[in-house]
Each structure stands twice: as C-alpha cells, then as structure tokens.
Amino acid sequence: MHLYKKYKVLLLIALLLSGVFLSFSILSNNNSPKQYIQVLGIAQDGGYPHIGCQKTCCQLYYEGKQSKKFVTSLGIVDRRHNTKYLIEATPDIIDQIRLMNHESDSNIIDGIFLTHAHIGHYTGLMYLGREALGAKNIPVYAMPKMAQFLQSNGPWSQLLSLKNIQLKSMTHQKPIVLHSGLKITPFLVPHRDEFSETVGFFIEGKSKKALFIPDIDKWHLWEKNIVDEVQKVDYAFIDATFFSAGEIPRPMSEVPHPFIDETIKRFENESIETRSKIIFIHLNHSNPALLDNHPSKKRLESLGYQVAQQGAIFEL
Ligand SMILES: [Zn+2]
Ligand SMILES: [Zn+2]
Ligand SMILES: [Zn+2]
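Residues numbered from 1 in each chain as written. Chains lettered and ligands numbered in written order. Predicted model: local features only at pLDDT ≥ 70, side-chain atom pairs only at ≥ 80, totals over all residues. Heavy atoms only, no water.

**Side note on the nonpolar core**
Formed by 59 residues in total, the largest nonpolar core has its most connected members in Phe113, Ile203, Ile213 and Phe237. Sequence-distant contacts of Ile203, defined by excluding residues within four places in its chain, comprise Ile37, Leu74, Ile76, Ile87, Lys183, Lys208, Lys209, Ala210, Phe212 and Leu316. Membership of the second largest hydrophobic core comes to 27 residues, among which are Leu40, Val77, Phe149 and Leu150. (Core = buried A, V, L, I, M, F, W, Y, C linked by side-chain atoms within 4.5 Å. Buried < 20%, exposed > 50% of the residue type's maximum accessible area, 1.4 Å probe, protein only. Contact = heavy atoms within 4.5 Å.)

In structure tokens form, the structure reads like this:
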C-alpha cells in the first residue's frame, strides 16, 4: 500500500513535469524568431564522447555528469516560408533534424550545405539513401572537388544515381540566394584538403549576418584577416578544435587549427562588443571548454566570448 502510494505520487510528478515541458517547448517554438540559426552540434568530427577515450573528459559522460554533444552543424530556419537548411551532414544528422524540426513540419529538409570531405561534415548523407530515408532529390550544395568526390565514390555515388540527393554547385565567393531571402556565400579556407577543398560560409538573413568557419589550419594562413571578418558580422561561429598546444598526445602540427589561446591573443585589443560576436564551435573532446560548467569555459565567457550551446537560437 505504502509502495503503491509512492508510485502514484511519482507518476503524478512525472505527468506534471511532462506537461510543463511540453507547454514550454510549444511556447519556445512559437516564440522563436521568424528566421534564425540554430546550433545543432558543437563537437569536432569525432563527437563527444569520443571513441576509445578513457580519460576524464569522456568518462564524465559515462558517469552521467556531462551531456552528449553532437558533431558541429548549424540549422537555418525560415518560419515564414517554412524552409529549413542544414549546414553539414554529420553522423548525428538523425537527432539534429529532430532538434531543428517543429512537430507540424511535413518536409524534412530543403537543402544541405557542405564545407568539406572530412568525416564529421558529410557522412550523415548516408541516412538519405535507400537503407534509411530514401529521400527524393534533396539539394546538396558542394564545391567542385567535393562534388567530384561524391560522384566518384560509393556509397555517395548511389545517392546520386538513385536521385536521393541532387548536387548543386557552389563557387568561391558567389552568393546563393535561397527562396526565403537568405543568402549563403561559400569562401575557400586553408585546411588539410585530402579529398576536397574546404569552405566557410557567410550567411545573410533579413537583418543579421553570420560567419561559419568550423575548420581552418591557422588564421595567418588565410588570405583574410579574421578580426576584420568578425567585425563585419553579428555572429562568428569559428574553429575552436583545441584550446592550447600539447592538448593531444600526438604531433599537433599534423592537425593544425587555431588554438583558442591564439584566437584570444588576436582579439585581445578588440572591444568587448567585437569579442562577444565570437561563438567558439567544433570543439575536440580534449578541449576543456567543451564541458558544461568547466572553468575554462567560464574564463572565456568572462572575456566576452561565447561557447556554442547545442540547441541555441540566433535570430537572423
Ligand atoms: Zn571538422
Ligand atoms: Zn575524451
Ligand atoms: Zn576538416
């Protein structure tokens, strides 16, 4: 009897909580801006937790002290035109589409923009094929070498022959105007280009602009000045793979990225207003700023920077 009562109380609490949660999610959908970017993932290609990692960073996840972090991706949503675009097709695409879509939505996705052919950025395309969704002609925007790579290698080539996807070509610095008034411009960046070139994206909405550079070797190798580019936009989602040198036990010159430390140095004389536009993204599992409530993350925030949060929405 006692036990039964206890269950009844627990059930009541669960029902109340789910009601609150449901009304909150409906409310947040209705209150979300008409056009926005949603952060769908913040981790480097290998994701978090990371395969085979026995260190504290990933053990914290298995102990239930950290949440799962999906691989870096942005969603671009236009509620007026009911259109949704994905930047990157990551191995977490199933959950990411779910995170972005509203309950009432009928179409899954209106287009996918790819930066390059490293595993975290395009392999989610596999779920669009015959074994999974069996999609019909989903537009996939790719640069010439990226497109060539998909055309000439299985299983990607089958997505094309079965018309699960259709390739749309992109050109360096040529804007693509989407029918909802959004503009997306790819631009080349230096990166380990084994299978394809690598681009970042300049995203222009109705009232705001954003920069997305998830992978770049080092800022000084880029023809543009990152400080100037950040000043031109409202939000800059930029490469924060590693926090500092010596973070992983292999030569870090094999996987060059601008360390967060180096980026901070570049922006140290900039105003807090400029720094607050920076949203660090694409964090490796070894990067302490990836972890919820880590002091490194707090330190970055005290300097004005943001660390991307899965699910966060930025009005465009
Ligand atoms: Zn990457
Ligand atoms: Zn780890
Ligand atoms: Zn890469």
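From this point, things continue past the structure.
**A closer look at the coordination of the zinc ion (ligand 3)**
Only His116 (NE2), His118 (ND1) and His191 (NE2) from the protein coordinate the zinc ion (ligand 3), and they sit 2.1 to 2.2 Å from it. Along the chain, the residues donating to the zinc ion (ligand 3) are arranged with the sequence spacing H-x1-H-x72-H. Separating the zinc ion (ligand 3) from the zinc ion (ligand 1) is a gap of 3.6 Å. Judged by its relative accessible area of 12%, His118 falls in the buried class. (Donors = N, O, S within 2.8 Å, 3.2 Å for Na, K, Ca; no water.)

**Points about the confidence of the model for the chain**
The share of residues in the chain with pLDDT of 70 or more is 89%, and the mean pLDDT across the chain is 91. Under a pLDDT of 50 for its full length, residues 19-28 has, in the predicted model, 0 contacts with residues more than four places off or in other chains. (pLDDT = per-residue confidence, 0-100.)

**Let's talk about the sheet that holds strand 12 (residues 278-281)**
Here we have 7 strands laid out as an open sheet, ordered 7-8-9-10-11-12-13, and mixed in their pairing. Each edge of the open sheet is held by one strand with a lone partner, namely strand 7 (176-177) and strand 13 (306-307). Pairing of strand 8 (residues 183-188) with strand 9 (residues 199-204), which is carried by 6 bridges, proceeds in the antiparallel orientation. Paired with Lys183 across the two strands is Glu204, which belongs to strand 9. (Pairing = 2+ DSSP bridges. Helix = DSSP H or I, 4+ residues; strand = E, 2+ residues; numbered from the N terminus.)

**Remarks on the sheet that holds strand 5 (residues 138-142)**
With mixed pairing, 7 strands are arranged side by side in an open sheet as 6-5-4-3-2-1-14. Of all the strands in the sheet, the pair left with one neighbour each is strand 6 (165-169) and strand 14 (313-315). On average, adjacent strands in this sheet sit at an angle of 25° to one another, irrespective of strand direction. As paired elements, strand 2 (residues 73-78) and strand 3 (residues 83-87) share 5 bridges and run antiparallel to each other. Pairing of Leu74 across the sheet is with Ile87, part of strand 3. Lying over the sheet, helix 3 (residues 93-100) contacts strand 1 (35-41), strand 2 and strand 3, oriented at roughly 150° with respect to strand 1. (Axes fitted to C-alpha atoms, helices over the stretch in contact; angles between N-to-C directions.)

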